[in-house]
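# What the coordinates show
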Amino acid sequence: GGVMGSADHPAWLTLNICGGGLTVNGGANVYGYVAAPRGAVVINSNCQVVGGLAGDRLTLNNNGRLRLLAPSE
């Protein structure tokens, strides 16, 4: 799985998706704050988003994980 952002500093990454959503696959980890106001966010098996999330829809599949942190962390 790939890594996007910094595990020690998730606040360093903000991912703004204006038209569409985000799907996290293959054991990937996203460390940051994701905004997808017009799209779905799908976190699949053994993947995670650590930081924050704002989206139209959220789907967590088979051990997908969302870990919310305060923006200062």
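Just so it is clear, the model here is predicted, and its values are computed rather than measured.

## Some remarks on the environment of Gly64
Of note, Gly64 is situated in the loop between strand 5 (48–60) and strand 6 (65–68). Not counting residues within four places of it along the chain, the set of residues in contact with Gly64 comprises Ile43, Asn44, Ser45, Asn46 and Cys47.

## Side note on the side chain of Asn29
Mapped onto the fold, Asn29 is located in strand 4 (residues 29–43). Within polar-contact distance, the side chain of Asn29 engages the side chain of Gln48 at 3.1 Å.

## Looking at the pattern of salt bridges
On inspection of all chains with the given rule, the structure shows one salt bridge. As a salt-bridge pair, Arg57 and Asp56 come within 2.4 Å of each other at their nearest N and O atoms. On the accessibility criterion, Asp56 (43% relative accessible area) is partly exposed.

## What to know about unusual backbone geometry
You will see that Asn46, though not glycine, has its phi angle at about 60 degrees, which is positive. Within the secondary structure layout, Asn46 lies in the loop between strand 4 and strand 5. For Asn46, a relative accessible area of 53% gives the class exposed.

## Points about the nonpolar core
Of all hydrophobic cores here, the largest spans eleven residues; its members are Ile17, Leu22, Val24, Ala28, Val30, Val34, Ala36, Val41, Ile43, Cys47 and Val49. Contributions of two or more residues to this core are made by strand 3 (22–24) and strand 4. With residues up to four places along the chain from it excluded, the contact list for Ile17 reads Leu22, Val34, Ala35, Ala36 and Pro37.

Cut-off values and rules
- Residues numbered from 1 in each chain as written.
- Predicted model: local features only at pLDDT ≥ 70, side-chain atom pairs only at ≥ 80, totals over all residues.
- Heavy atoms only, no water.
- Helix = DSSP H or I, 4+ residues; strand = E, 2+ residues; numbered from the N terminus.
- Contact = heavy atoms within 4.5 Å.
- Polar contact = N/O pair within 3.5 Å; in protein donor to acceptor, adjacent residues only side chain to side chain.
- Salt bridge = Lys/Arg side-chain N within 4 Å of Asp/Glu carboxyl O.
- Buried < 20%, exposed > 50% of the residue type's maximum accessible area, 1.4 Å probe, protein only.
- Core = buried A, V, L, I, M, F, W, Y, C linked by side-chain atoms within 4.5 Å.

Function-wise, these values are silent; they only describe arrangement.
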